[in-house]
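# Survey of secondary and tertiary structure
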Amino acid sequence: MARLPFTNDIRTLRFLAGEMTQGDLGERVGVTRQTIAAIEQGKYSPSLEVAFRIAHVFGKPLEAVFQWENGTG
Amino acid sequence: MAFREKIHWVAFVTMLLAFGWYFLAFPWRDAASPGALWTAGGMLIPLTLGIIVAMTVATAIMAIRNRSEVNLAEDERDRAIHWRGTHLAYYPMVVGTWACIGLIFTGAPPAILLNLLLAMVVLSELVRIGSQIWLYRRS
């Protein structure tokens, strides 16, 4: 699998949100725990809708959760 | 390992064992005889029943052991994995179909045509399920 051109701070944001589990976040976003784990690890690129839903759960703008990596196309 | 992934493994191993037995046990030396088609049919009926029973039992056991995941709805990643697996399985299916069409014109015996079709369906299924297992791990 090709490496995704962006990183994310979901793990940190979960920790800051009272150590929210991947399962809890998945439930609130409407995806499985495995999908949250895959997004966190940079293995899966979520849809724009799921990305916005994740940001919404943390009360953050999208760019505070996902960051485009400099130097990538 | 997620419940969905385990179910894929069950399907993959069951198909591999069941059809592995079928293709090894089929009397290939008599494949051109008129009775070969019925021999194949006679083998496929218990084989199909065996697959249904094995998958039902294995799925039920896994469902009991993974109750929290049984009713989880498919999400966008699951759907993407399924689409990609099905897309990859399309290629062996098309190659097999054309090979079968070619064999029809050579006057190949019905049992050979049946086994070729069966092999392509099994191969396509193994590609579909196998690629989905791989994608569950890697994406």
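Structural data are supplied above this passage.
To keep things clear, this report deals only with the structure shown in the data block. Keep in mind that what you see is a predicted model, and the values were worked out from it rather than measured.

All right, on to the overall build of chain B then. Scanning chain B from terminus to terminus reveals five helices and zero strands. Ordered by position from N to C terminus, the α and β elements of chain B give α-α-α-α-α. In terms of overall dimensions, chain B has C-alpha extents of about 55 × 30 × 20 Å along its principal axes. Considering chain B as a whole, with its 139 residues, one finds that 37% of them fall into the buried category. Sequence-distant contacts in chain B: of pairs separated by 6 or more residues, those separated by 24 or more amount to 81%. Summed over its atoms, the accessible surface of chain B is roughly 8300 Å², and 73% of this surface lies on carbon and sulfur atoms.

Residues and elements named next belong to chain B. Relative to each other, helix H4 (residues 76–105) and helix H5 (residues 110–138) sit at 160°, their axes nearing to 8 Å. Of the possible angle classes, the one that applies to H4 and H5 is roughly antiparallel. Handedness of the H4/H5 crossing: right-handed. Considered class by class, the residues forming the contact of H4 with H5 number 18 nonpolar, seven polar and four charged.

The subject of this paragraph is the interface of chain A and chain B. On the side of chain B, 14 residues touch chain A, which itself brings 12 residues to the contact. Of the roughly 1100 Å² buried where chain A meets chain B, counting both sides, 55% is carbon and sulfur surface. One can count zero salt bridges joining chain A with chain B. Counting across the chain A and chain B interface gives five residue pairs in polar contact (both at pLDDT 80 or more). Tallying contributions element by element places helix H3 (residues 33–40) of chain A first for the side of chain A that touches chain B, with three residues. Here the residues of the side of chain A that touches chain B sort into six nonpolar, five polar and one charged.

What follows covers the environment of Lys43 of chain A. Note on placement: Lys43 of chain A falls in the loop between H3 and helix H4 (48–58). Among the residues examined, Lys43 of chain A registers a relative accessible area of 35% and is labelled partly exposed. Expressed as a C-alpha distance, the spacing of Lys43 of chain A and Leu25 of chain A, which sit 18 residues apart in the sequence, is 17 Å. Sequence-distant contacts of Lys43 of chain A, that is, excluding residues within four places in its chain, are made with Leu4 and Ala38 of chain A together with Arg137, Arg138 and Ser139 of chain B.

All right, on to H4 of chain A then. Along H4 of chain A, the residues that are buried comprise Val50, Ala51, Ile54, Ala55, Val57 and Phe58 of chain A. Buried residues along H4 of chain A cover an arc of 155° about the axis, so they all sit on one side. Facing away from the buried side of H4 of chain A by more than 90 degrees, the exposed set consists of Leu48 and His56 of chain A. Looking at the buried positions of H4 of chain A, the neighbouring elements they touch are helix H1 (10–16), helix H2 (22–29), H3, helix H5 (62–65) and strand S2 (66–68) of chain A together with H4 of chain B. Trailing H4 of chain A by a residue or two, Gly59 of chain A shows a phi angle of about 65°, which is positive.

Moving on to the packing of aromatic side chains. All names here are of chain B. For the structure shown, the criterion picks out seven aromatic pairs over all chains. With 6.2 Å between their ring centres and 85° between their planes, Trp9 and Phe12 make a pair best called edge-to-face. You can see Trp9 and its partner Phe12 sitting in helix H1 (residues 3–25), three residues apart, about one turn around the helix. Ring pairs connect the aromatic residues Tyr22, Phe23, Phe26 and Trp28, which therefore count as one cluster.

Moving on to the pattern of salt bridges. Using the criterion set out here, one finds six salt bridges over all chains in the structure. Salt-bridge contacts for Arg14 of chain A lead to Glu40 of chain A; the nearest nitrogen and oxygen are separated by 2.5 Å. Placement of the pair is Arg14 of chain A in helix H1 and Glu40 of chain A in helix H3, with a sequence separation of 26 residues. Residue Arg14 of chain A is classed as buried on the basis of its relative accessible area, which comes to 11%. The residue Glu125 of chain B makes a salt bridge to Arg128 of chain B at a minimum N-O spacing of 2.9 Å. Taken together, the residues Glu125 of chain B and Arg128 of chain B, both in helix H5 and three residues apart, mark about one turn of the helix. Given the relative accessible area of 25%, Glu125 of chain B is considered partly exposed. Taken together, the shared-partner salt bridges in this structure form one network comprising Arg11, Arg14 and Glu40 of chain A.

Parameters at a glance
- Residues numbered from 1 in each chain as written.
- Chains lettered and ligands numbered in written order.
- Predicted model: local features only at pLDDT ≥ 70, side-chain atom pairs only at ≥ 80, totals over all residues.
- Heavy atoms only, no water.
- Helix = DSSP H or I, 4+ residues; strand = E, 2+ residues; numbered from the N terminus.
- Buried < 20%, exposed > 50% of the residue type's maximum accessible area, 1.4 Å probe, protein only.
- Contact = heavy atoms within 4.5 Å.
- Areas by Shrake-Rupley, 256 points an atom, 1.4 Å probe, with all protein chains shown as cover.
- Axes fitted to C-alpha atoms, helices over the stretch in contact; angles between N-to-C directions.
- Parallel < 35°, antiparallel > 145°, perpendicular 65-115°, else oblique.
- Left-handed = near helix turned anticlockwise from the far one by under 90°.
- Nonpolar A, V, L, I, M, F, W, Y, C, P; charged D, E, K, R; others polar.
- Buried area = accessible area lost by both parts, 1.4 Å probe.
- Salt bridge = Lys/Arg side-chain N within 4 Å of Asp/Glu carboxyl O.
- Polar contact = N/O pair within 3.5 Å; in protein donor to acceptor, adjacent residues only side chain to side chain.
- Arc of directions from axis to C-beta.
- Phe/Tyr/Trp six-rings, centres within 6.5 Å; stacked < 30°, edge-to-face > 60°.

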